[in-house]
Structures are given as C-alpha cells and as structure tokens.
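# Tertiary structure, described
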Amino acid sequence: MELCRPLAVKAVLFDLDGTLVDSVEAYIQVAQVAAAPFGLQVTEEQVRTALANGTSFWRGAVPKDRSDVDAVVKAIAAKAYQEWPQILREQGKLFDGVMQTLDALKALGIKLGIVSGARQEVLELLRPDGLLDRFDAVVLGPDVPTRKPDPEGILKCLGMLNVPPADALYVGDAPIDIMASRAAGVYAVGVLTGAGDSATLSSHYPDRLISSHLQLSTIVESA
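The following paragraphs examine the structure supplied in this document. Computed from a predicted model, the values in this text were never measured in an experiment. (Residues numbered from 1 in each chain as written. Predicted model: local features only at pLDDT ≥ 70, side-chain atom pairs only at ≥ 80, totals over all residues. Heavy atoms only, no water.)

### Focus: the overall build of the protein
Counting its regular elements, the protein contains 9 helices and 10 strands. The C-alpha atoms of the protein give 18 Å as radius of gyration, which agrees with the globular expectation for 223 residues (17 Å, within 12%). Taken over the C-alpha atoms alone, the protein extends approximately 55 × 35 × 30 Å along its principal axes. In the protein, buried positions account for 48% of the 223 residues. A fraction of 64% describes how many contacts in the protein between residues 6 or more apart in sequence connect residues 24 or more apart. Put simply, the protein has 20 plus and 28 minus side-chain charges, and the middle of one group is 3 Å from the middle of the other. (Helix = DSSP H or I, 4+ residues; strand = E, 2+ residues; numbered from the N terminus. Rg over C-alpha atoms; globule rule 2.2 N^0.38 Å. Buried < 20%, exposed > 50% of the residue type's maximum accessible area, 1.4 Å probe, protein only. Contact = heavy atoms within 4.5 Å. Lys, Arg positive; Asp, Glu negative; His and termini not counted. Charge placed at Lys NZ, Arg CZ, Asp CG, Glu CD.)

What follows is the structure, encoded as structure tokens:
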C-alpha cells in the first residue's frame, strides 16, 4: 500500500524532449541528415541510446580508426546545429493532453518548472495557447555549465521557485533524468514516451514509472 501513496510535493519539474515534447523522431532525422554528407549512417538505436545516456550521437557513428575522428565529429555536430531548428518545427510536437496535465497540477497549487538540456527553439512549441506561461521557472541547456545527470539544472530551477528538493519531483524519459533527480534530492518519475524503455528506466529505480505525463495528476498531491 505504501508504494501506491501519492507523492506530496510543492513543485513538479519537467524534462522536455520525450516527456512533454514528442521529438525523438526529430532527433533521429537530424542525426541522419547531418551524418549523410560525410558518408556515415546513424541508426535509430544509436540515437535513442545517446538520448537515454546523454552521450554524443556521432561518437558511435564515426569509425574509431579514422585519423580525423574529432574533426568529423565537430563538423557533423555543426551541421546538426544548423539543421535542427527547421527539423524541430517540422517533426516536433507536444504530446496530447499537456495543457490538461499542467492545469490539473496548477489546480493543486503546485509550482511548475522546466529543466532540459534543450535549446531555446523547443520553447516555441509551448507558446500556443499560453502553455509556456503556465511554468513558473525554465532552465535550459545554455543556462547551466553542466548537463544532466549533474543536478545543477534541477537545483537552479528549485532556487528560482523557492522550493526545497525534498518537496519537489522531476519527471523525465531517460536514465540521466532519474540520476539527476537522485543527485538533486528530489523524487524521480520516469515516463515511457521517450528514449528510455521500461527495463532501462526501472534499472535506475525511479520513485514512480508512468506511461505518460497524463498520469502525473494521479500520483501527486500538494504538500
């Protein structure tokens, strides 16, 4: 019975890609588009693994025996950086029901935040219907010097919300999200809509594992 009790929190923090934003296919496409001019292929499995672990797509695609590995990796990354905004606009979209989830949490008096390694472009997907305005704090990749699984982004967001870690929850789709949650001292919720599958996420022992963000309002209560 203890395992089924709601998590009492004052703040819920969200990852974006794979959690609120359906963007895995966009990442796969940008990886393949960026690698193609160099005669290289990036598989869906490589992209999903990289997203789950916070590693580079390109290191696995460029043969290690090449003398110019670093230069090629840098060039592919630059190409992906250039192509990403358009591919995200074309392929990225919000998962169904995001507004309902945010409003349900807001109705409980819970503060909302975003902590993501994403760039600013992804926020454009949240601007329609005032979705972005529902968040009380946003921390993206360029806002902190270290990326997940380092907890700095989560802790910075909580500081902006004036909420202690013990009263907060972070939800994300990847093992690095659970690891960052643990390091920050917040509840960890894994969601099965992104890079990580049930076995991978479960192996990192999240406090809860849910099929989508839509279940959040049923597993939390106001502290």
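Next, the rest of the story.
### Re the sheet that holds strand E2 (residues 11-14)
The 6 strands lie next to each other as E6-E5-E2-E7-E8-E9, forming an open sheet whose pairing is parallel. Each edge of the open sheet is held by one strand with a lone partner, namely strand E6 (137-139) and strand E9 (208-210). Pairs of neighbouring strands in the sheet enclose a mean axial angle of 20 degrees, with direction left out of account. As judged from the 4 bridges shared by E2 and strand E5 (residues 111-115), these two strands associate in the parallel manner. Residue Phe-14 lies in a different strand from E5, and its bridge partner there is Ile-114. Sitting on the sheet, helix H6 (residues 152-161) touches E2, E5, E6 and strand E7 (168-172), and the angle it makes with E6 is about 160 degrees. Taken strand by strand, helix H7 (residues 175-184) contacts E7 and strand E8 (187-191), and its axis lies near 170 degrees from that of E8. (Pairing = 2+ DSSP bridges. Axes fitted to C-alpha atoms, helices over the stretch in contact; angles between N-to-C directions.)

### Description of the pattern of salt bridges
Under the defined criterion, the tally for this structure stands at 10 salt bridges. With its nearest N and O atoms 3.0 Å apart, the salt bridge here joins Lys-148 to Asp-15. With Lys-148 in the loop between E6 and H6 and Asp-15 in the loop between E2 and strand E3 (21-22), the pair connects residues that are 133 residues apart, well separated along the chain. What makes Asp-15 buried here is its relative accessible area of 5%. Its salt-bridge partner being Asp-136, residue Lys-106 comes within 3.0 Å of it at the nearest N-O pair. Linking Lys-106 in helix H5 (residues 98-107) with Asp-136 in the loop between E5 and E6, this pair joins segments that are 30 residues apart in sequence. In the salt-bridge network here, residues are joined through shared partners; they are Asp-15, Lys-148 and Asp-177. (Salt bridge = Lys/Arg side-chain N within 4 Å of Asp/Glu carboxyl O.)

### A few points about the pairing of E7
Burial analysis of E7 places 5 of its 5 residues in the buried class, the great majority of the element. Burial along E7 is two-sided: the face carrying Ala-168, Tyr-170 and Gly-172 and the face carrying Leu-169 and Val-171 are both buried. For E2 and E7, the ladder comprises 4 bridges, and the chain directions are parallel. Bridge assignment links Phe-14 to a residue of E7, and that residue is Val-171. In this sheet, E8 lies alongside E7 in parallel orientation, the contact comprising 4 bridges. Note on E8: the bridge partner recorded for Tyr-170 is Ala-188.

Function cannot be inferred from these measures alone, as they are strictly geometric.
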